[in-house]
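# A look at the structure
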Amino acid sequence: MTASQRIVLGLIVGFALRLGYAWHADKGGTIHSSNDHYETIALSLIERGEYAITPGIPTGWREPTHPLFIAGVYALAGGRHTMALLTLHCILSTATAWLILLIGRKLFTPNVAEAAFWGYLFYPAAVYYCGYFFRETLMSFLFTAFVYTSLFWPAAENHPKASFWALVSGLLAAAWALANSPNIPVAALAGIGLWFTAPPT
């Protein structure tokens with residue numbers, strides 16, 4: 001079996017494992033709607049147009065990225081379809097493993113990249129969070145995507161797509177920062193660091 005075949009098989013198995021766990025959690029009734037109020041706020045946005053946990057009382061208790069993400073999924077799905085949200089969690093988590101592989105190949109060696117890929121793919125917590133409404137799966141994807149895209153835009157002076165990758169990296173960093181407030185200074189420092197490492201124009 002070639003390396004490419006192993007990776008494809010791993011992605012299939014990893015996604016199936018996540019989807020099976022999410023389905024079990026959903027059908028078994030182990031999912032709690034509150035899950036730190038992310039879904040509660042999302043449903044409030046859809047049903048009443050309020051960013052609130054308690055009807056009529058706006059809240060700043062939870063950062064906006066994940067509630068807006070849930071609300072967007074439910075709006076596209078035509079209502080509260082929990083399995084649609086959890087399936088997207090499974091896709092994002094599997095995609096995170098793929099991005100880790102790509103980052104590893106770009107920064108390290110193929111062996112290191114593949115080891116990191118398999119490590120995350122079957123990391124218990126990465127599977128676990130696919131079955132709940134917590135923000136960790138989305139945050140992991142956003143951060144990994146930010147790191148991956150940031151590897152491109154400072155790579156070459158006057159590269160025609162440098163501005164595009166800078167914009168994508170910035171949007172991903174902003175979404176990640178607004179998913180958890182302690183991330184905000186980290187995202188800002190990462191942006192400053194990338195600015196300093198960019199080639200002169």
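This section reports on the structure supplied with the text. From a predicted model like this one, the values you see are computed outputs, not experimental measurements. The written sequence of each chain sets the order in which its residues are numbered from 1. Local features in this predicted model are restricted to residues of pLDDT 70 or higher, and side-chain atom pairs are both shown and tallied only at a pLDDT of 80 or more, whereas totals for entire chains, interfaces and linings draw on every residue. With hydrogens and water excluded, all non-hydrogen atoms of the structure serve as input to the side-chain values.

This part takes up the state of the cysteines. A covalent bond between the sulfur atoms of two cysteines is referred to as a disulfide. Count a disulfide wherever a pair of cysteine sulfur atoms falls within 2.5 Å. Evaluated as defined, the whole model comprises zero disulfides. Free of any disulfide, C90 has its nearest neighbouring cysteine sulfur in C130, separated by 4.5 Å. For C90, a relative accessible area of 0% translates into the label buried. Exposure categories follow from relative accessible area, calculated using a 1.4 Å probe and restricted to protein chains: below 20% of the type maximum is buried, above 50% is exposed, and the middle band is partly exposed.

For the rest of this paragraph, the subject is the environment of L19. With respect to the secondary-structure elements, L19 resides in helix α1 (residues 3-27). For the pair L19 and C90, spaced 71 residues apart in the sequence, the C-alpha separation amounts to 6.0 Å. Once residues within four sequence positions are removed from consideration, L19 is found in contact with M83, T87 and C90. Secondary structure is summarised from DSSP: a helix means a run of H or I of at least four residues, a strand means a run of E of at least two, and numbering begins at the N terminus for each. Between two residues, a contact is recorded if the distance between any of their heavy atoms is within 4.5 Å.

With that settled, the discussion passes to the packing of α1 against helix α4 (residues 82-107). Under this scheme, a helix contributes an axis fitted over its contacting stretch, all axes are lines through C-alpha atoms, and angles between N-to-C directions fall in the 0 to 180 degree range. At a minimum axis separation of 9 Å, α1 and α4 run at an interaxial angle of 150 degrees. When the axes of α1 and α4 are compared, the pair comes out roughly antiparallel. As α1 runs across α4, the sense of the crossing is right-handed. Between α1, through I7, L11, G14, F15, R18, L19, A22, W23 and D26, and α4, the contact on the second element is made entirely by T82, M83, L86, T87, C90, I91, S93, T94, W98, L101 and R105. A per-class count over the contact of α1 with α4 returns 12 nonpolar, five polar and three charged. Roughly parallel here means an angle under 35 degrees, roughly antiparallel means over 145, roughly perpendicular means 65 to 115, and every remaining angle is called oblique. Crossings are assigned a handedness: left-handed for a near helix turned anticlockwise from the far helix by less than a right angle, right-handed for a clockwise turn. When residues are sorted by character, Ala, Val, Leu, Ile, Met, Phe, Trp, Tyr, Cys and Pro go into the nonpolar class, Asp, Glu, Lys and Arg into the charged class, and all the rest, Gly among them, into the polar class.

This next bit is on the packing of aromatic side chains. The rule is short: rings of Phe, Tyr and Trp, with Trp giving its six-membered ring, pair when the centres are within 6.5 Å, and they are stacked under 30 degrees, edge-to-face over 60, tilted in between. What the rule picks out here adds up to 11 aromatic pairs. Pairing F117 with W118 gives two aromatic rings, centres 5.1 Å apart and planes at 75 degrees, and the pair type is edge-to-face. Here F117 falls in the buried class, since its relative accessible area comes to 0%. For W118, a relative accessible area of 27% corresponds to the partly exposed category. Taken together, the ring pairs in this structure connect Y21, Y128, Y129, Y132 and F134 into an aromatic cluster.

Okay, the pattern of salt bridges next. The term salt bridge refers to a pairing of a side-chain nitrogen on Lys or Arg with a carboxyl oxygen on Asp or Glu at a separation within 4 Å. Evaluated as defined, the whole model comprises five salt bridges. Here E39 ties to R80 by a salt bridge, and the two come within 2.5 Å at their closest N and O atoms. Taken together, the residues span a long stretch of sequence, with E39 in helix α2 (residues 38-48) and R80 in the loop between α3 (65-77) and α4 at a distance of 41 residues. Residue classification places E39 among the buried positions, given a relative accessible area of 0%. Taking the shortest distance from any N to any O, the salt bridge between R48 and E50 comes out at 3.1 Å. On the accessibility criterion, E50 (25% relative accessible area) is partly exposed.

A few words now on the side chain of R18. On the secondary structure map, R18 appears in helix α1. The contacts of R18, once residues within four sequence positions are left out, are C90, S93, T94, Y120, L121, A126, V127 and C130.

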